Amino acid sequence: MGDKPPGFRGSQSWIGCVEASLCLDHFGGPQGRLCHVPRGAGLHGELERLHSHFAGGGGPVMVGGDADAQSKALLGVCLGPGTEAYVLVLDPHCWGAPKNPSELQAAGWVGWQEVSTAFDPHSFYNLCMTSCNSEEQNRALD
C-alpha cells in the first residue's frame, strides 16, 4: 500500500490496528473504525461503546497497545453489576479448525477476561472496530 519502507514486504514485522484499518479499507473489507484509548485504565470508559458496537452487529475488535504488546481481538462484552466488566478475548494467533469449541477455551485461545486485568493500565490502546453495515453502525456509536 506504500505506507511502509521497502524492506517491510516479506519481513517478520507486524502491523498494528491503524495499519489493519488501512488494509481493510484498501482491500475493500469491512470498515475499520479506530478508537484511541490513552491508557488501559480508560477502557472502562469505552465499555458502553464496545457494547453498542457488538449489540449493533459489529464484528471483532482488533486491539493493539504499546507497553502491552500482546495482540487481542475482542468478540464481546459483558457488563456486570457495579464496575464488574468482562471482555471475550480471542488470541489472533489462533489458527486451524478446533475439534470443538471447548478446545479453543481449554487451549487458552479464547475466554472471558476481567477488563481490569486484561489490559495494562499504563499502556495506550488502539481499537479497530469492524463493521459491514458502516452507516448504521457509525450512527449507533456516535
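Whatever comes next refers back to the structure up there.
Residues numbered from 1 in each chain as written. Predicted model: local features only at pLDDT ≥ 70, side-chain atom pairs only at ≥ 80, totals over all residues. Heavy atoms only, no water.

Asker: Honestly, the environment of L88 in this entry has me stumped. Any pointers?
Answerer: When you line up the elements, L88 lands in strand β4 (residues 85-90). For L88 and G29, which are 59 residues apart along the polypeptide, the C-alpha to C-alpha distance reads 23 Å. (Helix = DSSP H or I, 4+ residues; strand = E, 2+ residues; numbered from the N terminus.)

Asker: Help me out: how do you make sense of the pairing of strand β6 (residues 125-131) in this one?
Answerer: Two faces belong to every sheet, and in a regular strand the side chains alternate between them. Most of β6 sits inside the fold, with seven of its seven residues counted as buried. Side chains of β6 alternate between two faces, with Y125, L127, M129 and S131 and N126, C128 and T130 buried alike. As paired strands, strand β1 (residues 31-37) and β6 are joined by seven bridges and run antiparallel to one another. Note that in β6 the partner of R33 across the bridge is M129. As paired strands, strand β2 (residues 61-65) and β6 are joined by five bridges and run antiparallel to one another. When the sheet's bridge partners are listed, G64 is paired in β6 with N126. (Buried < 20%, exposed > 50% of the residue type's maximum accessible area, 1.4 Å probe, protein only. Pairing = 2+ DSSP bridges.)

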